[in-house]
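# Architecture and fold: a report
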Amino acid sequence: MPTWSQVRHARIEGMPNTVTAEDEVVDLCRDLIRIDTSNTGDTATSAGERVAAEYVAEKLSEVGLEVTLSESEPTRASVVTRLTGADSSRPALLLHGHLDVVPAQAADWRQPPFAGEITDDGYLWGRGAVDMKDMDAMILALVRQWRRDGWTPPRDIVIAFFADEEAGSTYGAHHLVDTRPELFDGVTEAISEVGGFSVSLDSDRRLYPIQGAEKGIGWMKLTATGRAGHGSFLHEDNAVTTLAEAVARIGRHRFPLQITDTVEAFLRAAAAELGIEVDLDNPELTVDKLGPISRIVGATLRNTANPTMLSAGYKANVIPGKAEAVVDGRFLPGTQEEFERIIDELAGPDVTREWISCQQALEFPFEGALVDAMGAALIAEDPGARPVPYMLSGGTDGKALHRLGIRSYGFAPLKLPADLDFASLFHAVDERVPTEALKFGVRVLRRLVENS
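Within every chain, residues take consecutive numbers counted from 1 along the sequence as written. Confidence filtering applies because this is a predicted model: local features only for residues at pLDDT of at least 70, side-chain atom pairs given and counted only at 80 or more, and all residues used for totals across whole chains, interfaces and linings. Hydrogens and water are ignored here; the side-chain numbers use all heavy atoms of the structure.

### Some words on the packing of helix α2 (residues 21–33) against helix α4 (residues 133–149)
- Note on definitions: angles span 0 to 180 degrees between N-to-C directions of axes, and those axes are lines fitted to C-alpha atoms, for helices only across the stretch in contact. A run of DSSP states H or I qualifies as a helix once it reaches four residues; a run of E qualifies as a strand once it reaches two. Both are numbered from the N-terminal end. One can describe the packing of α2 onto α4 by two numbers: an axis separation of 8 Å at closest approach and a directional angle of 135°. By the angle class used here, α2 and α4 are oblique. For the pair α2 and α4, the crossing hand works out as right-handed. Residue-level inspection shows Ala21, Glu24, Val25, Leu28, Cys29, Leu32 and Ile33 of α2 in contact with α4, the latter providing Lys133, Asp134, Asp136, Ala137, Met138, Leu140, Ala141, Leu142, Arg144, Gln145 and Arg148.
- Under the convention adopted here, Pro, Cys and the residues Ala, Val, Leu, Ile, Met, Phe, Trp and Tyr are nonpolar, Asp, Glu, Lys and Arg are charged, and Gly plus all remaining residues are polar. For the contact of α2 with α4, the class distribution of residues is 11 nonpolar, one polar and six charged. Angle categories are assigned with fixed cut-offs, so that under 35 degrees is roughly parallel, over 145 is roughly antiparallel, 65 to 115 is roughly perpendicular, and the rest are oblique. For a crossing to be left-handed, the near helix must be turned anticlockwise from the far one by less than a right angle; the clockwise case is right-handed. Any two residues having at least one pair of non-hydrogen atoms within 4.5 Å are treated as being in contact.

### Observations concerning the side chain of Thr396
- Note that Thr396 resides in the loop between β16 (385–392) and α12 (398–402).
- Residues adjacent in sequence count toward polar contacts only when both atoms are side-chain atoms; beyond that, a polar contact is any pair of N or O atoms within 3.5 Å, and within protein one must be able to donate a hydrogen and the other to accept it. A polar contact of 2.7 Å, which involves the side chain of Thr396, links it to the side chain of Glu214.
- Dropping the residues within four chain positions of it, Thr396 is found in contact with Glu165, Glu193, Gln211 and Glu214.

### Quick look at the sheet that holds strand β11 (residues 304–312)
- Here the rule is simple: two strands pair whenever DSSP picks up at least two bridges between them. Across the sheet, which stays open at both edges, the four strands sit in the order β11-β13-β9-β14 with antiparallel pairing between neighbours. Two strands lie at the open edges of the sheet, namely β11 and β14 (351–359), each paired on one side alone. Neighbour to neighbour, the strand axes of the sheet diverge by 20° on average, direction disregarded.
- For strand β9 (residues 216–225) and strand β13 (residues 322–331), the ladder comprises 10 bridges, and the chain directions are antiparallel. By the bridge assignment, Trp219 is partnered in β13 with Asp328.

### Quick notes on the pairing of β13
- Accessibility here uses a 1.4 Å probe with only protein chains present; expressed as a share of the type maximum, an area under 20% marks a residue as buried, one over 50% as exposed, and anything in between as partly exposed. The buried fraction of β13 is high, at seven of 10 residues.
- Taken together, the eight bridges between β11 and β13 define a ladder with antiparallel strand orientation. For Ser311, the partnering residue across the bridge sits in β13 and is Glu324.

### Structural notes on the nonpolar core
- With 93 residues, the main nonpolar core has Val56, Phe161, Phe197, Phe266, Phe411 and Leu448 as its most contacted residues.
- When neighbours within four sequence positions are excluded, Phe411 is seen to be in contact with Met135, Ile191, Ser192, Glu193, Gly195, Gly196, Ile210, Met374, Leu378, Val444, Leu445 and Leu448.
- Within the second largest apolar cluster, 21 residues are counted, among which are Met220, Leu222, Ala325 and Val351. Residues enter a nonpolar core if they are buried and are Ala, Val, Leu, Ile, Met, Phe, Trp, Tyr or Cys, with the set joined through side-chain atoms within 4.5 Å.

### Topic: the pattern of salt bridges
- Note on definitions: salt bridges are taken to be side-chain nitrogens of Lys or Arg within 4 Å of carboxyl oxygens of Asp or Glu. Tallied over the entire structure, the rule returns 35 salt bridges.
- Arg155 is the partner of Glu189 in a salt bridge, and the nearest nitrogen-oxygen pair spans 3.7 Å. Of this pair, Glu189 sits in strand β6 (residues 187–192) while Arg155 is found in the loop between α4 and β5 (157–162), placing the two residues 34 residues apart along the sequence.
- The partner of Asp344 in a salt bridge is Arg353, with the nearest N and O atoms 2.7 Å apart.
- Here Asp344 falls in the partly exposed class, since its relative accessible area comes to 35%.
- Residues joined in a network through salt bridges with shared partners are Glu22, Glu381, Arg443 and Arg447.

Here's what the structure looks like:
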């Protein structure tokens, strides 16, 4: 009876190699979108991550790769594999994505969010089309082609598909870093979301922001307590009032401008392409001219804190003894201590704060062979490309990987129509990606990996 390794080898030898990554990428992305991997933040109500992980594992095993499927909790699964390079003594490169998505309300969408519909205008629709099953499909399609072609990368390439990124990575990247760090042995650099997508300046030039920094995550719960009582009485010790006033102060507060090295580099590069002078004392003048990405970039000029959830009471005529709120805070590199101080001052002495998730801000040098290779790969496929560094206002699995000393860059390359407000599609209704952009991304990623 043949061993698994012999069977696997026979499957690779007998597999047609005429199918390319460009041929597969749209169907792979469509399949992944059709697996509902909604992450509510609660394992009991989340869905599909194990199913998606098994799908990815099967696609990798089909081309003969040894796969590790790690389940941190029932249904919360991640997948990791490694392509051995010609020179395994070189630092390894990690290509990674996450399989979970934020929930979607079907009634709000023009196309069903988990149907993977392709419309006549060439868009693939569905939750995850942008964040980030597009990149998952690109990576998966490329790995499958490399294996079919018998190609050996110049250095080890680790491939990972994580669970739980949308709720802070506890059951995905952080779990693997804590329990299986050997899967990432030798890795010094990583590529994933969010960057490498085009922003049109005119018909001939496009900015391609490459993410080399990201704000820290400060999700926090605020709690106020007071004396419970009848709703008809005079009542000065009201937890709801105390909390509401604190939440309003935090929500209306505008943090001061703080320009980091990455943001300054982006502003100077963007201003040069726009033919304007950048005023670092008033950077909004430059940001306002950036069109679709102005909201993302604008959020990297200062710390932010946005109330997102409120909870109090159980009956109209009962004053509750406790009220709670959730605030989504994001802080720039080097500012966490100041951020916490300001939040506590705004909340006041009668409100307590506790972290739901607190994860560090990251900022890496925008230089070196990998950064050069990203820019070269873009320009080779789009001569009008202008690669520029930028900071992401959100967070990624890079925060977990940094605990292993891995530098992470956001590079999920897509050449987009000038009229598509791509940045607004993250976590939004009607999420969609052009099918041609997926094929462009495959070509760029292939150039990058094969020349890095």
